[in-house]
Amino acid sequence: ARVPQQFPQNPSLGYWVKRQRNSYKKYSKGDPLSGRIADRIQLLDKVGFDWGCCHQPWERSYEELVTFVKEVGHARVPTKFPE
């Protein structure tokens, strides 16, 4: 289940997914207020919920930055940079 946080077809589902991922992150860090999430994690895992979906765009952008640095020699990317 790979639902992006910004999901135009169903904005409330996108918002709900965002809340689940935030709760999971807190639970993973040992937040005592996130006790009920353990059962929810198991249910979501059963349907193949993608906990890391939102990190892929960051990783892709990071790889693009690494390529830019290799080609240009610095990481000062201009605001208006052609793709």
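Every value quoted in this text rests on a predicted model; they were computed, and no experiment measured them.

Let us now look at the side chain of Gln20. Mapped onto the elements of the fold, Gln20 is located in helix α1 (residues 11-28). Exposure remark for Gln20: the relative accessible area of 5% places this residue in the buried category. Here Gln20 is in contact with Ile37, Arg40, Leu44, Phe49 and Trp51, once residues within four sequence places are set aside.

As a further point, take the confidence of the model for the protein. Confidence along the protein averages 82 in pLDDT terms, with 88% of residues attaining 70 or more. Per-element mean pLDDT across the protein ranges from 81 in helix α3 (residues 56-72) up to 90 in helix α2 (residues 37-46).

Of all hydrophobic cores here, the largest spans 7 residues; its members are Val3, Val17, Ile37, Ile41, Leu44, Phe49 and Trp51. Residue contributions to this core peak at 3 residues, all from α2.

What follows covers the packing of aromatic side chains. As enumerated under the stated definition, the model contains 2 aromatic pairs in all. Put simply, the rings of Tyr24, Phe49 and Trp51 touch in pairs and so form one group of aromatic residues.

Note that Arg21 resides in helix α1. Through-space distance from the C-alpha of Arg21 to that of Phe49 is 9.7 Å; in sequence the pair is 28 residues apart.

Criteria and thresholds
Residues numbered from 1 in each chain as written. Predicted model: local features only at pLDDT ≥ 70, side-chain atom pairs only at ≥ 80, totals over all residues. Heavy atoms only, no water. Helix = DSSP H or I, 4+ residues; strand = E, 2+ residues; numbered from the N terminus. Buried < 20%, exposed > 50% of the residue type's maximum accessible area, 1.4 Å probe, protein only. Contact = heavy atoms within 4.5 Å. pLDDT = per-residue confidence, 0-100. Core = buried A, V, L, I, M, F, W, Y, C linked by side-chain atoms within 4.5 Å. Phe/Tyr/Trp six-rings, centres within 6.5 Å; stacked < 30°, edge-to-face > 60°.

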